[in-house]
Amino acid sequence: RMLSLLDITNFREAALESIHTNYDYLYLGILMEQANPTQFMLAFLDMLKNQQVDHYGVFEGKHILGHVAYSFGMSPLGTELMGWTRASHQNQGIGEFGLEIATKIAFEHKKFNFVELRISERNIASRTVAEKVGFKPVLRVPYSAEGDSDCWIMYLKVRDRKSTRLNSSHAN
């Protein structure tokens, strides 16, 4: 479900627990390490009120197991998904489940034509999850123009127009 103001304590707890295991891809990592509770609250409020990025949580009861955000894609026809899994719940299928659901929402409800992921080349676990869910690596990009050896890889998944038409024709 979408995150709300009521999730602030649980989100902070999950994110703080997960900084070191998700540092490459927890885009709030630096903030999490350095922010006092007031600074975190203000950042969380800013995150939720951003009209251009939707934030969802993967929950077990009120316990946040993971986070995914729909953000700008390389075109308005698509979206980039950014996410992480709580450290204590990694390697349990939570990331795969969250990515499958987030991709389904992107295609079926948000009507995007494609979903993109940008994953650190070193993050083998996330790359494996992306490929299990049907994403294909399409581009390898260095983090800086200086030719660093560290890169991120863009993964894409394109909406299957044929199955979308079949599903909508069965609904009539």
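Predicted model, so just to flag it, every value in this text is computed and none were measured. (Residues numbered from 1 in each chain as written. Predicted model: local features only at pLDDT ≥ 70, side-chain atom pairs only at ≥ 80, totals over all residues. Heavy atoms only, no water.)

(A) Examining helix 3 (residues 37-49) more closely. Taking 1.5 Å per residue, 13 residues should reach 18 Å; helix 3 reaches 18 Å between its end C-alpha atoms and fits that length. By the burial criterion, the buried members of helix 3 are Phe-40, Phe-44 and Met-47. All buried residues of helix 3 fall inside an arc of 60° around its axis, so they share one side. Of the residues that open helix 3, the one with a side-chain oxygen 2.9 Å from the backbone nitrogen of Thr-38 is Asn-36. (Helix = DSSP H or I, 4+ residues; strand = E, 2+ residues; numbered from the N terminus. Expected span 1.5 Å × (residues − 1). Buried < 20%, exposed > 50% of the residue type's maximum accessible area, 1.4 Å probe, protein only. Arc of directions from axis to C-beta. Polar contact = N/O pair within 3.5 Å; in protein donor to acceptor, adjacent residues only side chain to side chain.)

(B) Looking closely at the nonpolar core. With 18 residues, the main nonpolar core has Tyr-70, Leu-81, Leu-99, Leu-117, Ala-130, Phe-135 and Tyr-155 as its most contacted residues. Every element with two or more residues in this core is listed here: strand 2 (63-72), helix 4 (94-108), strand 4 (114-120) and strand 6 (151-158). Ranked by residue count, the leading element in this core is helix 4, at five residues. Each residue touching Phe-135, except ones within four places of it in the same chain, is listed here: Leu-99, Thr-103, Val-115, Leu-117, Ala-130, Tyr-155, Leu-156 and Lys-157. Within the second largest apolar cluster, 10 residues are counted, among which are Phe-11, Phe-44, Met-47 and Ile-64. (Core = buried A, V, L, I, M, F, W, Y, C linked by side-chain atoms within 4.5 Å. Contact = heavy atoms within 4.5 Å.)

(C) Up close: the packing of aromatic side chains. As enumerated under the stated definition, the model contains five aromatic pairs in all. Seen from their ring centres, Phe-11 and Phe-40 are 6.3 Å apart, and the 25° between their planes marks the pair as stacked. One end of the pair, Phe-11, is in helix 1 (residues 8-18); the other, Phe-40, is in helix 3, with 29 residues separating them in the sequence. Classification of Phe-11 by relative accessible area gives buried; the value is 1%. Exposure remark for Phe-40: the relative accessible area of 3% places this residue in the buried category. Connected via pairs of aromatic rings, a cluster forms that spans Phe-11, Phe-40, Phe-44 and Trp-84. When the ring centre of Phe-59 is taken as origin, the NZ or CZ atom of Arg-1, which lies over that ring, is 4.1 Å away. Its end group placed over the ring of Tyr-70, Lys-110 keeps NZ or CZ at 4.9 Å from the ring centre. (Phe/Tyr/Trp six-rings, centres within 6.5 Å; stacked < 30°, edge-to-face > 60°. Lys NZ or Arg CZ within 6 Å of the ring centre and 35° of its normal.)

(D) Main features of the confidence of the model for the chain. Residues at a pLDDT of 70 or more form 86% of the chain, whose mean pLDDT is 84. Below a pLDDT of 50 lies the segment residues 164-172, which in the model reaches one contact outside its immediate sequence neighbourhood of four places, other chains included. (pLDDT = per-residue confidence, 0-100.)

(E) The arrangement of the sheet that holds strand 6 in detail. What the six strands build is an open sheet, ordered 1-2-3-4-6-5; its pairing is mixed. In the strand order of this sheet, the two ends are held by strand 1 (54-60) and strand 5 (136-142), each with one partner. Each strand axis lies, on average, 25° off the axis of its neighbour in the sheet, ignoring direction. In this sheet, strand 4 lies alongside strand 3 (residues 78-85) in parallel orientation, the contact comprising three bridges. Of the residues in strand 4, the one forming a bridge with Thr-79 is Val-115. (Pairing = 2+ DSSP bridges. Axes fitted to C-alpha atoms, helices over the stretch in contact; angles between N-to-C directions.)

(F) Structural detail: the packing of helix 4 against helix 5 (residues 124-132). Where helix 4 contacts helix 5, the axes come no closer than 9 Å and their chain directions differ by 45°. Our classification of the angle between helix 4 and helix 5 gives oblique. Every pair of crossing elements has a handedness; the one defined by helix 4 and helix 5 is right-handed. Together, Gly-95, Glu-96 and Leu-99 of helix 4 and Val-129, Ala-130 and Lys-132 of helix 5 make up the contact between the two elements. Split into classes, the residues belonging to the contact of helix 4 with helix 5 amount to three nonpolar, one polar and two charged. (Parallel < 35°, antiparallel > 145°, perpendicular 65-115°, else oblique. Left-handed = near helix turned anticlockwise from the far one by under 90°. Nonpolar A, V, L, I, M, F, W, Y, C, P; charged D, E, K, R; others polar.)

(G) Quick look at the pattern of salt bridges. Per the stated rule, a full pass over the model turns up 10 salt bridges. Asp-7 is paired through a salt bridge with Arg-1; the nearest N and O atoms lie 2.8 Å apart. Note that Lys-132 is salt-bridged to Glu-96, the shortest N-O span being 3.8 Å. Taken together, the positions of Lys-132 in helix 5 and Glu-96 in helix 4 put the pair 36 residues apart, joining distant regions of the chain. The class for Lys-132 is exposed, based on a relative accessible area of 57%. Salt bridges sharing common partners tie together Glu-13, Glu-17 and Arg-86. (Salt bridge = Lys/Arg side-chain N within 4 Å of Asp/Glu carboxyl O.)

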